[in-house]
Amino acid sequence: LFDGVYPFYPQQRKAAVFDISTIIVIVVFLTLACSFLLIIPGIRGRARLYWTLRVLLSLFVGMVIVLVQFTGDWETGWVQANTSYKSFSPVQVNVDVGLHIGLAGVNVTLRGNPVTQINETINYNEHFPWSFGADYEHSYSQGLQKGLPSPILYVAEKFSRQSPCAVHRQYRIAGHYASAMLWVAFCTWIISNILFSMPVLVYGGYMFLLTGAFVIFSLLSFSTVRNSPMCQIQIGTSTLHVAYGGSFWLVLAIGLLCFVVGITIVAMHHLNLDLLKTFFDLREDKAEEYQEMPGVFINPHFINKGL
């Protein structure tokens, strides 16, 4: 027992700031970008600007496609309310309750206003996974055993398999297919970069269009959760509402960017191929372009011998 209440946390957990997978993805792509910036001084003329624009734009698209797999803000919501903090206790606290829904699970954040109330530090961020291979019910039961605050358990219970809300299956399947579409988009992004380097520019443009299509398909897959009505999440006298978060809108922007880049490359291939080759630093000499024979140097020794 702790202050006559069981179960309870003797030691408070600290709120998570970044997921370790997110940090790894950012570090990997930043390393690639920095490695390119080290060799960029060796490129002469305007080609340096073109190379910088192409490489950094491509790395940004690839980083976002991988990064959003691990973010937890595809849907977010916040509410401030006065609510009970512990089970079987009438004590009320003023808190901010946050809900962050990602492809692989849900994060519930609880932060006090102020953080220190009733001689305790109220600052929690709990993750409940629902990806394939993860057991949401086990994570929820662990939260019960550890004695998480009542608002966190209340919100997490809404997404459990036994909840009358019946949204667990929809979010789980929608997140799975959205993640699969993003991984396919990442593969087409790699292929497009290979085609640009071969170089087969127009087919690289087609693959960039295909990358944008799969990115948009991932958004459509995740949006299917809106077809099922969401239960009302009542915290005290306030209601917590969720809306599309930063990751959703970032993926939408990347998908539109891929469409713009792909359409531009294909259009330039048919309308102004010379300008496209200049941008990709593939300018050819006129002799090679028209397959003309360049000047030939003949050894005078063989001429004197009548050869």
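Reading guide: rules and limits
- Residues numbered from 1 in each chain as written.
- Predicted model: local features only at pLDDT ≥ 70, side-chain atom pairs only at ≥ 80, totals over all residues.
- Heavy atoms only, no water.
- Disulfide = S-S within 2.5 Å.
- Helix = DSSP H or I, 4+ residues; strand = E, 2+ residues; numbered from the N terminus.
- Phe/Tyr/Trp six-rings, centres within 6.5 Å; stacked < 30°, edge-to-face > 60°.
- Buried < 20%, exposed > 50% of the residue type's maximum accessible area, 1.4 Å probe, protein only.
- Pairing = 2+ DSSP bridges.
- UniProt positions renumbered as here; feature names shortened; annotations may be inferred.

1. Quick notes on the state of the cysteines
Argument step 1. The full count for this structure, using the stated rule, is 1 disulfide.
Argument step 2. Covalently, Cys165 is tied to Cys231 through a disulfide, its sulfur atoms 2.2 Å apart. Taking the sign of the torsion about the S-S bond as the criterion, the disulfide between Cys165 and Cys231, at about -125°, is left-handed. Here Cys165 is found in the loop between α4 (150–157) and α5 (168–197), whereas its partner Cys231 is found in the loop between α6 (201–223) and β5 (233–235), with 66 residues between them in sequence.

2. Considerations on the packing of aromatic side chains
Argument step 1. Using the criterion set out here, one finds 20 aromatic pairs in the structure.
Argument step 2. For the ring pair Phe248 and Trp249, a centre distance of 5.3 Å and an interplane angle of 85° mean the geometry is edge-to-face.
Argument step 3. With relative accessibility at 47%, the residue Trp249 sits in the partly exposed group.
Argument step 4. With 5.6 Å between their ring centres and 80° between their planes, Phe279 and Phe280 make a pair best called edge-to-face.
Argument step 5. Classification of Phe279 as partly exposed rests on a relative accessible area of 24%.

3. Section: the sheet that holds strand β2 (residues 92–101)
Argument step 1. With respect to topology, 5 strands assemble into an open sheet ordered β4-β3-β2-β1-β7, the strand pairing being antiparallel. What marks the edges here is a single partner per strand, and that holds for β4 (120–129) and β7 (243–244).
Argument step 2. Both strand β1 (residues 75–84) and β2 contribute to a ladder of 10 bridges, which runs antiparallel. From the neighbouring strand, Val79 faces β2, where its bridge partner is Val97.

4. Thoughts on the UniProt feature "transmembrane region" (unreviewed entry) in the chain
Argument step 1. When the UniProt feature table is mapped onto this chain numbering, "transmembrane region" (unreviewed entry) sits at residues 20–39, 51–70, 177–196, 203–222 and 242–267.
Argument step 2. The distance separating the terminal C-alpha atoms of residues 203–222 is 29 Å; by composition the span is 100% helix and 0% strand.
Argument step 3. As annotated, residues 242–267 has a helix share of 85% and a strand share of 8%, and its two end C-alpha atoms lie 40 Å apart.

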